[in-house]
Structures are given as C-alpha cells and as structure tokens.
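Summary of structural features
What follows is the residue order along each chain.
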Amino acid sequence: MTEAPCPQISALRVQWLRHLWAIGICLLISGCASLPDVRYLNTSLDTQGSPTIKTASGALPDKKAESLLAKRLRGDKIDVPRLAALEEAATGSPLIAGNELTLLIDGPQTMEAMMAAIRAAKDHVNLETYIFGSEGLGKEFADLLIEKQKEGVQVNVIYDSVGSMKTPTEFFNRLRDAGVALVEFNPINPFARFGRWKLNNRDHRKILVVDGKIAFTGGINITNEYSSGSLFGARSKNKTDLGWRDTHIRVEGPAVASFQWLFMQTWASQRNDDLTQRNYFPPLTAVGNKIVRVIASEPGSDYEVYKAYVLAMQEAKKTIHITNSYFVPDTQMIEALAGAAKRGVDVKLIFPGMSDASLVMYAGRSFYSELLAAGVRIFELQASVLHAKTAVIDGYWSTVGSTNLDMRSFLHNTEVNLIALDQAFGSIMEDAFQEDLRNSIEVLPEEWANRPSSDRLREWFARRFEYWL
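Every value quoted in this text rests on a predicted model; they were computed, and no experiment measured them.

As a further point, take the packing of aromatic side chains. Enumeration according to the criterion identifies 15 aromatic pairs in this entry. Seen from their ring centres, Tyr 159 and Phe 172 are 3.8 Å apart, and the 5° between their planes marks the pair as stacked. Within this pair, whereas Tyr 159 is found in strand β5 (residues 154-160), its partner Phe 172 is found in helix α7 (residues 169-177), the two being separated by 13 residues in sequence. In this pair, the class of Tyr 159 matches that of Phe 172, namely buried. Grouped by ring-pair contacts, the aromatic residues Phe 132, Phe 141, Tyr 159, Phe 171 and Phe 172 constitute a single cluster. The ring of Tyr 362 is capped by Arg 365, whose NZ or CZ atom sits 5.6 Å from the centre of that ring. Between the NZ or CZ atom of Arg 463 and the centre of the ring of Phe 367, over which it lies, the distance is 3.8 Å.

Attention now moves to the environment of Thr 414. You can see Thr 414 is positioned in strand β19 (residues 413-421). Between the alpha carbons of Thr 414 and Glu 66 there is a distance of 32 Å; along the sequence they are 348 residues apart. When residues no more than four places from it in sequence are discounted, the contact partners of Thr 414 are Phe 185, Arg 202, Asp 203, His 204, Arg 205, Ser 297, Glu 298 and Pro 299.

Burial analysis of β19 places 9 of its 9 residues in the buried class, the great majority of the element. Across the two faces of β19 the burial is the same, with Asn 413, Glu 415, Asn 417, Ile 419 and Leu 421 and Thr 414, Val 416, Leu 418 and Ala 420 all buried. As defined by bridge partners, strand β7 (residues 202-203) adjoins β19 across 2 bridges and the pair is classed as parallel. Residue pairing across strands places Arg 202 opposite Asn 413, the latter belonging to β19. Direction of pairing for strand β11 (residues 290-297) relative to β19: antiparallel, over a ladder of 6 bridges. In the sheet register, Val 294 faces β19, and the bridge partner there is Leu 418. Bridge count between strand β17 (residues 397-401) and β19: 5 bridges; the pairing is antiparallel. Note that in β19 the partner of Trp 397 across the bridge is Leu 421.

Before going further, it helps to spend a moment on unusual backbone geometry. Phi is mostly negative for residues that are not glycine, and the peptide bonds are mostly trans. The backbone phi angle of Tyr 303 is positive, close to 55°, even though this residue is not glycine. The topology assignment puts Tyr 303 in the loop between β11 and α9 (304-315). On the basis of relative accessible area, Tyr 303 is assigned to the buried category, the value being 18%.

A word on the packing of helix α4 (residues 80-91) against α9. Orientation of α4 relative to α9, taken along the N-to-C sense of each, is 150°, at an axis distance of 9 Å. Classified by the interaxial angle, the pair formed by α4 and α9 is roughly antiparallel. Judged by the twist between their axes, the crossing of α4 over α9 is right-handed. Packed against α4, whose contacting residues are Arg 82, Leu 83, Leu 86, Glu 87, Ala 90 and Thr 91, the element α9 presents Glu 304, Lys 307, Ala 308, Leu 311 and Glu 315 at the interface. Looking at the contact of α4 with α9 residue by residue, the class counts come to 5 nonpolar, 1 polar and 5 charged.

A separate point is the pairing of strand β8 (residues 207-210). The alternating pattern of β8 places Ile 207 and Val 209 and Leu 208 and Val 210 on opposite faces, both of which are buried. Relative to β8, strand β4 (residues 124-129) is paired through 4 bridges, and the arrangement is antiparallel. Bridge pairing links Asn 126 to Val 209 in β8. One ladder, built from 4 bridges, connects β8 with strand β9 (residues 214-218); its direction is antiparallel. Residue pairing for β9: Val 209 is matched across the bridge by Ala 215. From the end of β8 to the start of β9, which pair antiparallel, there are 3 residues, and Asp 211 there has a positive phi angle of about 60°.

As a further point, take the environment of Gly 401. Tracing the backbone shows Gly 401 in strand β17. Using a relative accessible area of 1% as the deciding quantity, one classes Gly 401 as buried. Distance in space between the C-alpha atoms of Gly 401 and Leu 418 is 6.0 Å, their sequence separation being 17 residues. Ignoring any residue separated from it by four or fewer positions in sequence, one finds Gly 401 in contact with Gly 218, Gly 219, Lys 389, Val 416 and Asn 417.

Here we come to the nonpolar core. By size, the foremost hydrophobic cluster in this structure holds 71 residues, and its most contacted members are Ile 320, Met 333, Leu 337, Val 347, Leu 371, Trp 397 and Leu 421. Tallying contributions element by element places α9 first for this core, with 8 residues. Among all residues touching Val 347, those that are not within four sequence positions of it are Ile 320, Leu 337, Ala 340, Ala 341, Val 376 and Arg 377. Counting 35 residues, the second-largest nonpolar core is a separate cluster that includes Leu 127, Leu 137, Val 157 and Phe 172.

Let's shift gears to the side chain of Ser 50. Within the fold, Ser 50 resides in the loop between α2 (41-44) and β1 (53-55). For Ser 50, the side chain forms a polar contact with the side chain of Glu 66, separated by 2.3 Å. Among residues more than four places away in sequence, those in contact with Ser 50 are Asp 62, Glu 66 and Ala 85.

Cut-offs used in this document
Residues numbered from 1 in each chain as written. Predicted model: local features only at pLDDT ≥ 70, side-chain atom pairs only at ≥ 80, totals over all residues. Heavy atoms only, no water. Phe/Tyr/Trp six-rings, centres within 6.5 Å; stacked < 30°, edge-to-face > 60°. Helix = DSSP H or I, 4+ residues; strand = E, 2+ residues; numbered from the N terminus. Buried < 20%, exposed > 50% of the residue type's maximum accessible area, 1.4 Å probe, protein only. Lys NZ or Arg CZ within 6 Å of the ring centre and 35° of its normal. Contact = heavy atoms within 4.5 Å. Pairing = 2+ DSSP bridges. Axes fitted to C-alpha atoms, helices over the stretch in contact; angles between N-to-C directions. Parallel < 35°, antiparallel > 145°, perpendicular 65-115°, else oblique. Left-handed = near helix turned anticlockwise from the far one by under 90°. Nonpolar A, V, L, I, M, F, W, Y, C, P; charged D, E, K, R; others polar. Core = buried A, V, L, I, M, F, W, Y, C linked by side-chain atoms within 4.5 Å. Polar contact = N/O pair within 3.5 Å; in protein donor to acceptor, adjacent residues only side chain to side chain.

Distances and angles like these do not, on their own, reveal function.
Right, here's the structure in full:
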C-alpha cells in the first residue's frame, strides 16, 4: 500500500517545480550578464576631490561639504568625507542634505503611514510596486486610490507583470475605469511590448511619492501578508496571526525629488504617452538634518547598489550588521564579508529561518560554511517570514531599500536603496537589528557541520541555479 504524501512535502515539491519552470524559461530567453570586478574597489576609484552634497539651494562648496559631514559625524575616527567621495565615484549619485527620515517596521505601521499620506494628497500620488495584491489590504489600498482619483488627485501606478501575475485583470480594470493611470512593467505577454520583451528583467522597486513632497521606499509590497505585524517589539512571543517581518522608510526633504525622477524614468521606459500634467516637482526646502544618497540600479546599468554594498563592506572598521531576505551573492561579496571578519570587524548577518522561496533559501545556506569558517556570525529569524533588506555598518552608514543580496537583484532587477550617513539614524537602525537578533537563532559552526545530508543536497542543487534565482 502506497503511503499518502505529506501535504507539506507536496507543497514544497510544487514550489520547487515552479522555480525550475521559471528558471527554464529564463534560460531560453536570456543571455548571461556578469558583475564587475570589485575586489579592489576601495583602492581603484578616482574620487575627484570632495564629495558632492546637494541642498535645496544647490550644491555646497567642497569645504562646506566636508565640514558638514565632519560635524554630523564628529568624534568618529572614520574618514567619512573620503568614504562619501569613494561611494559617489562608485555609484554616480551625490549626497543630499536636509532630509527627515522615519523608519517604519512591518506592514501595519507602514501601511498606516502610506495611507495617511495618500489621504492628505492634494495634487498627485505616484506608486511603483512589485506586487499589487487584490485581496484584503490590497483592495483597501486600491479603494483609497480610487477615492483620491475621484477627488481630482491624479493617481499613477506602475506594477510589475510577474510580481503581480496572480492579481486578476478585473482588479486593474477597476482602477483604470476610475481614471487611475496604470503601467504594467515588462508584460508577460510578449506581444504587449513587441520587440522590447524582457521577461527576466523585473521592476522590484517599491516607491510611493505623494505631492512631490513625501516619499516612501523599502521592501513592502501592497499585499495582504502585511495586514499583521511580526514578533518585532512584541512583549509576548506567543503571538498568532503573524505577518511578514519587513522594513520601509518615510522621507521628507530634497531627496524626495530623486524618487520622483526614478518613478518618471520607469514610466517613460514602458509607455509613450505622457503623464497627466501635475506639479510633480514642487520647491523643496530642508525639513531635517539627515544626509542621504538615493541609489538606483537596473539591468545594463553600472551595478550601483552592488558597488555601494561591497565598498561599505571593504571599508568597514567596526561592525557590519545586515538583515536580508534573499541571500545568493557572488564570490566577491563573500570575500568582502569574510575579509572584514578576518580583520576583526564584528560581522553579523540575519537571514530567514523560513521563506516564501525555499530554493533561494537553500542556495543562500550553501554559503554558510565558508562564512562561518571566516568568523562571520549568522542568525536565522524565527516565527515570521523575513522580507527586510537593511544594513547598518560602523554605526553611521545605513541602508533601507528593495535590493536583496542576490544575483537577481544585482543583475536582472530594477532596484532602489536609500543610504543615510548619520549616527543618530544609524543608532535607530542598530536598535532594530538588535531586536531582530533577539528573535533569531544563531547558526553555530559545530551544529552546521552536522546538518543532515538531505539539506546538503538541497543546498548543492539550489546553488547550481544561483544566477537565475
């Protein structure tokens, strides 16, 4: 008599088959790109002098720029002006002063902040998202956008075709019929963008800009998984109905214009008709004291986010604390992390203990042995699906964005990250990291060495497909 398969095993098999099907399609339609040589990035860059710092009134003179960075990060032995100039040379993006940042943890807090901003909109709402779900929170979000459109606020939405492939066409038709302008990024249907079809290139950005004055970015999609919070900050560890663990950020100040430009560039790349005329770039004044850099990357560009991460790792002096949902890096990033640990930097990485993409999780785990041997400490978050993409290095360099530390984000996706150079904000990021650490279990070298052979086989198999994951 044949034993009935375990439902969990059957579901896992279906998930893996879906991964393999997607990989097979990508193999047929895409060539192979490769990441640049960055092993000596920190010593090979031409910095062209002082870092550029833009303000609401224009760029600061070199001496004022260096003085401002030194003032904001006083008492630290790290040469921040030099590092800022290196990062600008690597990414092509200037620093922007005069911003206010609000860190948002998990779905409920983020959705409340985004929907409050939308309700107060007077001119326009620009939304760019990988997934726009149709149920629960997604429907509530859509209802609000329709309401604002009827009030005369122009709503423009970009959604990714693959990310939102489970969302019914009727859902988007309802938005369109209400007057909301919609763009489907790289449609799955090859005839929708005949001659420009690029199925493997996805828009993974999450950007919301309201009236050109407030911007949001991070890892959170518009889906019902974010209707509940994770264990973050919970007094009781016995919570039920846990949501995904994710991070977003609210931005006010001159940096908002950078997010607006990114939205418009993506819109223009996908359709020929212009956006409805609105005041997309109102005058922006300084509203805070945070110095930030908005870094965007896309397929065929200069790997800006990848370079920023590796450079920060190469230059780290004290700590590298990273929380990331999908970890399938290249050899150079592994070398940067291992090299930092070997020179005495406290390198701690938080990865998922459970995942919505098991093939990606096992591919990431295939790197654990090498990292553990170098002295990197690895932790896995428990109870909730980890989806955050954040880092804080040396207490002053922080990033929040859409970029995973995997080959897909670096090579195939359109991504965006905000980098902040600020010790006060770095302290907030560090507190969030420590809270996640309390909800995680450390992967100990001796225990990892004794993991089951079945897990090793899954890791080996998943690693073979790292380029397409």
